[in-house]
Amino acid sequence: MSTLALILGLTGNTFALQLPVPVPARAEAPPKPLDRTRLPIAEPPVPVITEIDPRKVTPPPRFEVRAPADAPNVVIVLIDDMGFGHSSAFGGPCEMPTFERLAKEGLRFNRFHTTALCSPTRASLLTGRNHHVNNMGSITELATAFPGNTGVRPNNVAPLASILRMNGYSTAAFGKSHETPPWETTVSGPFDRWPTGSGFDRFYGFLAAETNQWTPAIMDGTVRIDPPRDPSYHFTTDMTNQAISWARTQQALTPEKPFFMYFAPGGTHAPHHVPADWIARYQGRFDQGWDKLREETLARQIALGVVPPTTKLTPRPKEIAAWDSYSEDARRVMARQMETYAAYASHTDHEIGRLVDAIDAMGELDNTLFLYIAGDNGASAEGGPEGSFNELMNLNGIDATTEMQLSKLDEWGGPTTYPHFAVGWAHAGNTPFQWTKQVASHLGGTRNAMVLCWPARISPDARVRSQFHHVTDVAPTVLEAAGIPEPTWVDGVEQRPMDGVSMLYAAADPAAKDRHTTQYFEMFGNRAIYHDGWIASARHSIPWVLTKELPSVTEDRWELYNLDEDFSQAKDLAATEPARLRELQAIFEREAVRNHVFPLDDRRLERLNAEVAGRPDLVGSRTSVTLFAGMTGIGENAFLDLRAKSHVIQADIEVPANGGGVLIAQAGRFGGWSLYMKDGRLCHTHNFAGLERYTARSQNVLAPGKHAVRYEFVRDDRIGPTGGTSRLFVDGTLVAEARVDRTMPYAYSTDEGLDVGCDRGTPVSNEYLELENAFNGRIVQVVVSRTDAGGEGVAGVGDDTQRGP
C-alpha cells in the first residue's frame, strides 16, 4: 500500500478519510496594527494548543505582511550622466518624448539636485541618507580608509528596497548598480551589498560605472551571463524586456502586491553606444557648435518656463575652448559626438517609453508613483577637450588625435568604438549653469531635471515646482506615498535617520515653503553649502585634468550666490556679502563634520592604488595567484595589478591537434592582453587602447599532448610612460619575443574582467571571434605572478596631463 493511501486511510476500494467536525466560529479580536518601525515586522505570539486532534481545533490565521492598503507601485528611472539642459522636456536638444509625456501627466521639478557623481548619488537615492553617511564619498573604486569614503554601506543605513520588501512589496532592479565595493564583486562575496543583498528580489544589470552596450557584462542576480548572439542586440533594450517581463509576471501571480522597480540604464554614460539609424536622425543638428547650442537651449528653457525669464547664461569657463577655435576636421568629429549622444538619449527614452506603455497596458500606471530623474549628476566632462572614440584612452592619459578620430567617424557609436564626447558638449548639456559632473561646487555638476507622476493621486499641473530638493528626498517621498513609516530599527540595528524630506508637499502646492533648507555638496575637494536660498561654492579641481599635486583646499576661493534671485548661479556676491559667506562656511564645516566629509580628499590617481588608498585588496601582499579553467569575469580591482608591471604567466595545458582558443585574457577590444593559441601556435597579444596590438607568436606548431607554456613581460627600466619586452616559452624553450612599445598604466577596462579558458566579452585580439574563442584543449592550471618586486611605480601620465587645442 502506498504512503498516500495509508495517510488518506484508503484500503482496497474503501475510502476511510473522516472529515473534520466543524468547530463553531469564535469572536476574534481585531488584529493589532503592524509595528512597521521595527523591521522585519515581528510575528505575533504563537497560541498554545493543547488539543491533540487537528479536526477539533481551528488553526490561527496565517501571519503575512502586506503593504498598506492602496500603496502604489513605485518606479524610479535614473538616467546616467545627463545634464539639466539635455532633454527636450527641459528645453534641450535631445528628443525624449517619454520624459515629456510624464511631465505633461505629472509635475516638473527644476531645483532637484544630485551629488555630482554616480555612485554617491545612487547610494543617497536608495537610502535617503547623504553620500558620505553611506561611506560613498566617491566611486567604489576610489574608496579609502577614511569614514565617509570606505565604500561600505553601514548597517545603520537600511536601503529603501529592503524597507519596502519587508513591508510587503515585490522589488527589482534593472541596469546599473555601482554601489558594491570592488573587493566584494567576486564569487567569494559577501553579497550583502549586491542588489540582491540590498533589498531587491530580482537584479538584472551590471556592477560597474559603465558597460559596453553591445557586449555587456551582465549579472543575473549574482551570476554572470553572456548576452545573446544577436547582431541587433543592445543592452538597454534587453534590460527593458527583462523589466517588462518581471512586472507582468509579478502582477499575474501576485496582483495584490505592489511592486518597486529601480530602472537605471547605462545611458547616457559613456560609452555612447546606439544603433546607427538613431544617430542618422540627428545628422547636421549640432554643426553650430556648443557655444551657440547653449544660447538656443536657454531660449527654449525660458519659453517652456522651466527656468525664470530673468535667467542669465553663465559664461564659458576659460578652461573650455571656444567651438570656433578648433579646426574644421575637429569640429566635424565633435559634431558627430553630440549627434551620437543625443541619439543615445532618445534611444534610452524610447525604451523607457516601452516600459511605461507596458505598465499602462497592465492597468497599473494610474497607481504607480513614477519618478524620472534625468541624470545622476551633470553631463560628463571626462571625455576631455576633444572627446575620444575610446574613453579608456582618457582614463589612461592617452591623447586621441583628430586624424585618429576621423578614421572612426563612420563607426562612431558602434561596436568597434567606445566613445565619449568633448568637454564643450558636457558644458552645453548643463545649460544654463557653470561646470560639469564632478564639480560639486556648481550647479552644472549637481542640478538635474526631474519629473514626478502619480495619476491616481496627483493631477497634472504645468506649473513648475521650484522648491529646493535633493536626491536624499526620493526615499522619504516613496515611504510617504506608500504609507510606510521610516523604520527606527532594522535587523536589530538602530537606524540613522534619513537626511531627506518627502517632496509630496510640493506636489500638493507649487507655492509651498521649502522644507529641505540646508544641503552640503562635496566631491574631490569641490564643495558647496546651500542654506535658505543661498549657496557658497568653492571649486578645487577640474575633471579632465589629471594631476597629482593640487593647491591646498585652504587656498580655494569661495563664491556666494543668492539662488532665489539668481537661478543659474551667475552673479558672485562674495565680495559684497562677506558676513553671509562666513556664516555659510561655518554651516558647511558643521555639516561636513556631521556627515563624515573630512578630510577633503582631492586625490584621484593615487587612490587607484588600493594600498595607498587604504581600502581592502583581495590579492593583498600576494604576488602570485593560481587560476583554473572556468574562472571568468574577475575584475581588475579584484586581481593582481599587471598594468605596466613585469609579470609571468605559467600555464600547464594539454593541447589537441591544431590547438586553438584563449588560455587566459584580461579586458578586451579597447585595451588588455591575451595568451592564446592560433592554428596550433602559442601567441600573446598586448592591446594598447585599441590603437596598437603587439603580438609574440611561436613559429612551430605545438605537438598534441601536455605542455608547460610561459609568458614573460619585462618592463623597461625607467620611470614614466613605458613599454617592455614580451617573451614566450614552450617547455622551457624560448619560442618568440616581441617589443611592446606602450602599455596602459591605469585601466584596461571598466567592466571586462580576467577570464581563464576564454575571452569573455569583446576580444583582445582580432585573431579570434567574440564569444567563440574557448580553448579546445585542457587547462590544468594557470599561475600569474608579479615579478617587479613590489612594482616600479605606475607608468603613464606626468603630474599634469591636459588635452586640448
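Residues numbered from 1 in each chain as written. Predicted model: local features only at pLDDT ≥ 70, side-chain atom pairs only at ≥ 80, totals over all residues. Heavy atoms only, no water.

A. Just the overall build of the protein chain, in detail. Along its length, the protein chain carries 16 helices and 32 strands. For the protein chain, the C-alpha radius of gyration of 29 Å lies close to 28 Å, the compact-globule estimate for 805 residues. Its C-alpha atoms give the protein chain principal-axis dimensions of roughly 90 × 90 × 50 Å. With an accessible surface of roughly 31,000 Å², the protein chain has 52% of that area assigned to carbon and sulfur atoms. (Helix = DSSP H or I, 4+ residues; strand = E, 2+ residues; numbered from the N terminus. Rg over C-alpha atoms; globule rule 2.2 N^0.38 Å. Areas by Shrake-Rupley, 256 points an atom, 1.4 Å probe, with all protein chains shown as cover.)

B. The arrangement of the pattern of salt bridges in detail. Using the criterion set out here, one finds 47 salt bridges in the structure. Here Asp-556 and Arg-527 are joined by a salt bridge, their closest N and O atoms 2.8 Å apart. Here Asp-556, found in the loop between strand 19 (546-547) and strand 20 (558-562), pairs with Arg-527, found in strand 17 (residues 526-531); they are 29 residues apart in sequence, far enough to count as distant. By the burial criterion, Asp-556 is buried, and Arg-527 matches it. The salt bridge partner of Arg-590 is Glu-591, with a shortest N-O separation of 3.4 Å. Given the relative accessible area of 47%, Arg-590 is considered partly exposed. (Salt bridge = Lys/Arg side-chain N within 4 Å of Asp/Glu carboxyl O. Buried < 20%, exposed > 50% of the residue type's maximum accessible area, 1.4 Å probe, protein only.)

C. Spotlight on the nonpolar core. Residues Phe-99, Phe-174, Met-261, Phe-263, Tyr-372 and Trp-425 are the most contacted members of the largest nonpolar core, which totals 91 residues. Broken down by element, the residue count for this core peaks at 14 residues, all from helix 8 (residues 328-361). Those residues within four positions of Trp-425 in sequence are excluded, and the remaining contacts are His-86, Phe-286, Gly-289, Trp-290, Leu-293, Trp-323, Met-334, Ala-335, Gln-337 and Met-338. Of all hydrophobic cores here, the second largest spans 51 residues; its members include Ile-76, Leu-125, Phe-203 and Ala-264. (Core = buried A, V, L, I, M, F, W, Y, C linked by side-chain atoms within 4.5 Å. Contact = heavy atoms within 4.5 Å.)

D. Representation of the sheet that holds strand 12 (residues 447-453) in the model. What the 10 strands build is an open sheet, ordered 9-8-7-6-10-4-11-12-5-13; its pairing is mixed. Among the strands making up the open sheet, the edge pair consists of strand 9 (223-225) and strand 13 (469-470). As defined by bridge partners, strand 4 (residues 73-78) adjoins strand 10 (residues 259-264) across 4 bridges and the pair is classed as parallel. Residue pairing for strand 10: Val-74 is matched across the bridge by Phe-260. Of the strands in this sheet, strand 4, strand 6 (170-176), strand 10 and strand 11 (368-374) are in contact with helix 3 (residues 118-127), which crosses strand 10 at around 170°. (Pairing = 2+ DSSP bridges. Axes fitted to C-alpha atoms, helices over the stretch in contact; angles between N-to-C directions.)

E. Here's a closer look at the pairing of strand 6. A large share of strand 6 lies buried, amounting to 7 of its 7 residues. Where strand 6 lies against strand 10, 6 bridges are found, and the strand directions are parallel. Note that in strand 10 the partner of Phe-174 across the bridge is Phe-263.

F. Layout of the packing of aromatic side chains. A complete count under the given rule lists 26 aromatic pairs for this structure. A centroid spacing of 5.8 Å and a plane angle of 25° characterise the contact between Phe-90 and Phe-99, whose relative ring orientation is stacked. Judged by its relative accessible area of 0%, Phe-90 falls in the buried class. Looking at Phe-99, the relative accessible area reads 0%, which means it is buried. Here Trp-323 and Trp-425 contribute two aromatic rings whose centre-to-centre distance is 5.3 Å and whose plane-to-plane angle is 55°, an arrangement assigned as tilted. Taken together, the residues span a long stretch of sequence, with Trp-323 in the loop between helix 7 (290-304) and helix 8 and Trp-425 in helix 11 (residues 423-429) at a distance of 102 residues. Considered together, Trp-323 and Trp-425 belong to a single accessibility category, that of buried residues. Members of the aromatic cluster, each reached through a chain of ring pairs, are Phe-84, Phe-90, Phe-99, Tyr-372, Phe-433 and Phe-567. The cationic tip of Arg-281 hangs over the ring face of Trp-278; the distance from NZ or CZ to the ring centre is 3.8 Å. The cationic tip of Arg-447 hangs over the ring face of Phe-567; the distance from NZ or CZ to the ring centre is 5.0 Å. (Phe/Tyr/Trp six-rings, centres within 6.5 Å; stacked < 30°, edge-to-face > 60°. Lys NZ or Arg CZ within 6 Å of the ring centre and 35° of its normal.)

G. Quick look at the sheet that holds strand 23 (residues 661-668). Taking strand neighbours across the sheet as the criterion, the 5 strands line up as 26-25-24-23-30 in an open arrangement whose pairing is antiparallel. Each end of this open sheet is capped by a strand with a single partner; those strands are strand 26 (692-697) and strand 30 (754-756). Pairs of neighbouring strands in the sheet enclose a mean axial angle of 10°, with direction left out of account.

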